Amino acid sequence: MDEFWAGLLERFDGASVFDDDHELTGARAAIQGVLSRGASDRAEGMMPEGGYRSPLAVQFEYTNRCVMDCLFCYNDSRPSPKTSSMGREEILRIAREIADLDVLKVVLSGGEVFIDRDLLFSLVEILNDHAIRPTILTSGWFLDEALADRLARRQIQSVQVSVDGADEAAHDELRRKPGGWRRAVRALRLLDERGFYTTAGCLITERNRRTLDDYFDLCLFLGVDQVALSFCIDQGRARDHRERLEVDDSAFEDTVEMIVRKRKQYADLMRIDLSQDPGFVRILQVLWMPTNCLIRPDGSVARSCVLPIPLGNVRERSLKEIWDSEFRRLPANPSIRAFLDGMRIGTTPRLGMLRSSLGGGSGSCQPESAGAGASLV
């Protein structure tokens, strides 16, 4: 490990992070533990020494058109986006390219994927033809009985619907779309009736955190299989609405402790996940052997939503070429180093690492905010 990384890890001394079991542990020790396990796995032949020949998972964020205008959106999705997404034929070509790489998991997201239903189903068909069952992320706005029936005739891994708490007004205010909460709840009910594995995605804010107790009961009532919770990162449009999105330190700690209790209480009924701190995830996503990538609406390829440095563009080079040339040298990438070096590490004893992302990062990325759920390492 060179001087840059040694210095960066030193800044995490005294900071804390929740591990996979939501137990609080030292951030630096957690990072070093993961890296040690990776070295051991490679030595024992459980991971390829030279890295994976292609990504195991791809999130294809192929459109920035959306019916919502969310306060926190990381790719500036909105009804009339400022930047254009790729064209239909480009999107289909890239989907075929992803499928030909025989990836294990594909997430289709936006924007709102159901704005162009025919395009979405064409993508699903391409993936299904290669025995890939995609996961779909949606606001739920368009999901009525007819669309749910049509979706049920395809091979789908799971569907995640954004429902930000049990407070209808808080959800609609956050998403800036009246009626959004009711349609999202309806979507989860319709999907459950058709046997889908469903996830409810929730961004926790100061306003809706007070409804989380009721929220878990609501999700259980709707037949939700998994709840994916996250706090907002100070990136994207969230930078302009920070005071409406942030949870203060004392409330943050209380909220996390409540989620941990609820996770145990509901253990046999549904899965409850709280996304790990983005600062922690960023470090691991660079130092750990890459397994996944993100393709954004303009065709740029990044490591993930929380590490949005462009590493190439599938409109100019194939995903395989970008993977082979850029993902094998992530730790030395100067733009990624600049981004990570710009992170502010919190100093609150219990919350240090968990709050590290609130300073954002420097670098040449287009800003993004947290999506619900933990990112793949």
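Counting of residues starts from 1 at the beginning of each chain's written sequence and follows it residue by residue. With pLDDT at 70 or above as the cut-off, local features in this predicted model cover only qualifying residues; side-chain atom pairs require 80 or more to be listed or tallied, and sums for whole chains, interfaces and linings still use all residues. The basis for the side-chain values is all heavy atoms of the structure; hydrogens and waters are excluded.

## A short note on the overall build of the protein
Counting its regular elements, the protein contains 13 helices and 11 strands. Under the scheme applied here, a residue whose accessible area is under 20% of the maximum for its type counts as buried, over 50% as exposed, and between as partly exposed, the area being computed with a 1.4 Å probe on protein chains only. Per-residue burial for the protein yields a buried fraction of 56% across its 377 residues. Every residue pair with non-hydrogen atoms within 4.5 Å of one another is taken to be in contact. Intrachain contacts of the protein at a sequence separation of at least 6 include 73% that bridge at least 24 residues. As presented, the protein carries roughly 15600 Å² of accessible surface, and 47% of it is formed by carbon and sulfur atoms. The helix and strand labels rest on DSSP assignments: H or I over at least four residues marks a helix, E over at least two residues marks a strand, and numbering proceeds from the N terminus. Only the protein chains shown count as covering a residue, and every accessible area follows the Shrake-Rupley method with a 1.4 Å probe.

## A word on the sheet that holds strand S11 (residues 301-302)
Pairing between strands requires that DSSP locate at least two bridges from one strand to the other. With respect to topology, nine strands assemble into an open sheet ordered S9-S8-S7-S6-S5-S4-S3-S10-S11, the strand pairing being mixed. A strand with exactly one partner marks an edge of an open sheet, and here the two such strands are strand S9 (271-274) and S11. Here six bridges tie strand S7 (residues 198-204) to strand S8 (residues 226-231), and the two strands are oriented parallel to one another. By the bridge assignment, Cys202 is partnered in S8 with Leu229.

## With respect to the packing of helix H1 (residues 3-10) against helix H13 (residues 334-341)
Packed helices, taken two at a time, are described by the angle their axes make and the gap between the axes. Where H1 meets H13, the closest approach of the two axes is 11 Å, and the angle between their N-to-C directions is 20°. Overall, the two elements H1 and H13 adopt an arrangement that is roughly parallel. In terms of crossing hand, the pair formed by H1 and H13 is left-handed. Across the interface between the two elements, Phe4, Trp5 and Leu8 of H1 pack against Arg337, Leu340 and Asp341 of H13. Each residue gets one of three labels, nonpolar for Ala, Val, Leu, Ile, Met, Phe, Trp, Tyr, Cys and Pro, charged for Asp, Glu, Lys and Arg, and polar for the others, Gly among them. Partitioned by chemical class, the residues of the contact of H1 with H13 number four nonpolar, no polar and two charged. Note on definitions: angles span 0 to 180 degrees between N-to-C directions of axes, and those axes are lines fitted to C-alpha atoms, for helices only across the stretch in contact. Roughly parallel covers angles under 35 degrees, roughly antiparallel covers those over 145, roughly perpendicular covers 65 to 115, and oblique covers all other angles. Each crossing is labelled by how the near helix is turned from the far one, with a counterclockwise turn of less than a right angle marking it left-handed and a clockwise turn marking it right-handed.

## Topic: unusual backbone geometry
In this chain, Gly110 is followed by Gly111 through a cis amide linkage whose omega measures 15°. Structurally, Gly111 is set in the loop between strand S4 (105-109) and helix H4 (117-128). A positive phi angle is found at Asp102, which is not glycine, with a value near 55°. If you trace the backbone, Asp102 turns up in the loop between helix H3 (88-100) and S4. Among the residues examined, Asp102 registers a relative accessible area of 54% and is labelled exposed. A positive phi angle is found at Arg176, which is not glycine, with a value near 55°.

## Observations regarding helix H2 (residues 27-43)
What a helix should span is 1.5 Å times the count of its residues minus one. Along its 17 residues, H2 runs 25 Å from first to last C-alpha, staying within 8% of the 24 Å computed at 1.5 Å per residue. Buried within H2 we find Ala27, Ala30, Ile31, Val34, Leu35 and Gly38. The buried residues of H2 occupy an angular sector of 130° when the element is viewed end-on, so they sit on one face. Opposite the buried face of H2, by more than 90 degrees, sit the exposed residues Arg37 and Ala43. The directions from the helix axis to the C-beta atoms form the arc being described.

## Quick word on the confidence of the model for the protein
As a per-residue quantity, pLDDT reports the predictor's confidence and falls between 0 and 100. Mean pLDDT over the protein works out to 87, with 90% of the residues at or above the 70 mark. Taken as a whole, residues 359-377 scores under 50 in pLDDT and shows 73 contacts with residues more than four places along the chain or in a different chain.

## Considerations on the packing of H1 against helix H11 (residues 278-287)
In the contact formed by H1 and H11, the axes pass within 12 Å of each other and the chain directions differ by 155°. Judged by the inter-axis angle, H1 sits roughly antiparallel to H11. As for the relative orientation of H1 and H11, their crossing is left-handed in sense. Contact with H1, carried on its side by Trp5, Leu8 and Leu9, involves Ile283, Val286 and Leu287 of H11 and no other residues of that element.

## What to know about the pairing of S4
Most of S4 sits inside the fold, with four of its five residues counted as buried. Note: strand S3 (residues 57-61) against S4, five bridges, orientation parallel. By the bridge assignment, Val58 is partnered in S4 with Val106. Chirality of the crossover, the property in question, places the unit of S4, H4 and strand S5 (residues 135-138) among those that are right-handed. Throughout, right-handed denotes a crossover for which the path from the first strand over the helix to the second runs clockwise when the strands point away from the viewer.

## Overview of the nonpolar core
Formed by 101 residues in total, the largest nonpolar core has its most connected members in Phe60, Tyr215, Phe216, Leu229 and Leu340. Residues in contact with Phe60, not counting those within four places in the same chain, are Met86, Ile91, Ile94, Ala95, Ile98, Val107, Leu108, Ser109 and Ile295. Core analysis: the second largest hydrophobic core is formed by 13 residues, Cys70, Leu174, Ala238 and Leu245 among them. Grouping buried Ala, Val, Leu, Ile, Met, Phe, Trp, Tyr and Cys residues that are joined through side-chain atoms within 4.5 Å yields what is termed a nonpolar core.

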